[in-house]
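# A closer look at the structure
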Amino acid sequence: MLALGLVLNTLGIGLFCWAVFALAVYALPFFVALSIGMTAFQNGAGVLGALLIGTVSGALTLAVGQAAVAIARSLTLRIAIATAFAVPAAVAGYHVAFALSQIEMPSQAWREVFAYLGAVCIGVTSWTRLMALAETRPFEPGGAVENPS
C-alpha cells in the first residue's frame with residue numbers, strides 16, 4: 001500500500017506540474033477575465049453576465065496577444081508582447097512553487113530560492129511558447145515574399 005501511495009503521489013505532483021507549465025501562457029488572459037468579470041459583477045451585470053463578459057474578455061486578450069505576436073514584424077514589439085504575457089505567468093509560478101515548497105521545506109530561505117527558480121522556469125516557458133508563434137520571415141516592402149527556391 002505504501003508503494004502505491006508513493007507512485008500515486010508522484011504521478012499527482014507530476015500532473016500538477018505539467019498543468020502549471022501548460023497553463024502558464026493563460027495567466028494574463030485569466031487575470032484580465034477575472035478583473036473584468038469582477039468589475040462587471042460589481043456594477044450589476046449579475047453572475048451570468050459577469051461570467052460571460054469575463055470569458056469573452058479573456059479569450060479576446062489571448063487571441064489579440066497571439067495575433068499581435070504572429071503579425072508584428074518588429075522583434076522589439078514581439079518581445080514586449082511576449083513579456084507582457086510572461087510576467088503574470090512568472091508571478092503565478094512563484095506562488096505555485098512557494099506553496100509547493102512549503103509542504104516539506106522548513107527553511108524560509110530555501111523556500112524563497114525554489115519559488116524564484118519556479119518563477120523563472122514558468123515565466124521562460126510562457127515566453128517561449130508565445131514567441132514560438134512568431135517565425136522569422138524576411139521583410140519585403142511590397143508585401144510579397146518570394147520563394148527562395
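Residues numbered from 1 in each chain as written. Predicted model: local features only at pLDDT ≥ 70, side-chain atom pairs only at ≥ 80, totals over all residues. Heavy atoms only, no water.

Moving on, we get to the layout of surface pockets. Here the largest pocket defines a volume of roughly 240 Å³. Taken together, 16 residues form the lining of the largest pocket, with Cys17, Ala97, Leu100, Phe114 and Gly118 sitting closest to its centre. Looking at the lining of the largest pocket, the elements that each hand over two or more residues are α1 (2-22), α4 (75-101) and α5 (108-131). Classifying every residue of the lining of the largest pocket gives 13 nonpolar, three polar and no charged. Approximately 160 Å³ is the volume attributed to the second largest pocket. If you go around the second largest pocket, the residues you meet are Phe30, Ala33, Leu34, Gly37, Phe41, Val47, Ala50, Leu51, Gly54, Thr55, Gly58 and Ala59. (1 Å grid on protein atoms, 1.4 Å probe; cavity = no way out; pocket = protein on both sides within 12 Å on 5 of 7 lines; lining within 4 Å. Points joined across faces, edges and corners; volume = space filled by probe spheres on them. Helix = DSSP H or I, 4+ residues; strand = E, 2+ residues; numbered from the N terminus. Nonpolar A, V, L, I, M, F, W, Y, C, P; charged D, E, K, R; others polar.)

We now examine the packing of aromatic side chains. One pass over the structure, following the stated rule, counts three aromatic pairs. For the ring pair Tyr94 and Phe98, a centre distance of 6.0 Å and an interplane angle of 10° mean the geometry is stacked. Of this pair, Tyr94 and Phe98 both sit in helix α4, four residues apart, which is roughly one turn of the helix. What makes Phe98 buried here is its relative accessible area of 16%. An aromatic cluster is present here, built from Tyr94, Phe98 and Tyr116 joined pairwise through their rings. (Phe/Tyr/Trp six-rings, centres within 6.5 Å; stacked < 30°, edge-to-face > 60°. Buried < 20%, exposed > 50% of the residue type's maximum accessible area, 1.4 Å probe, protein only.)

Time to look at the packing of α1 against α5. Packed helices, taken two at a time, are described by the angle their axes make and the gap between the axes. Contact pair α1 / α5: the axes reach a minimum separation of 9 Å and the direction vectors enclose 50°. With respect to their mutual orientation, α1 and α5 come out oblique. Between α1 and α5, the contacting residues are Val20, Phe21 and Ala22 on the first element and Cys121, Ile122, Thr125 and Arg129 on the second. Here the contact of α1 with α5 is composed, by residue class, of five nonpolar, one polar and one charged. (Axes fitted to C-alpha atoms, helices over the stretch in contact; angles between N-to-C directions. Parallel < 35°, antiparallel > 145°, perpendicular 65-115°, else oblique. Contact = heavy atoms within 4.5 Å.)

To continue, consider the confidence of the model for the protein chain. Averaged over every residue, the pLDDT of the protein chain is 84; the share at 70 or more is 89%. Of all secondary-structure elements in the protein chain, the lowest mean pLDDT belongs to α1, at 85, while helix α2 (residues 27-42) reaches the highest, 92. (pLDDT = per-residue confidence, 0-100.)

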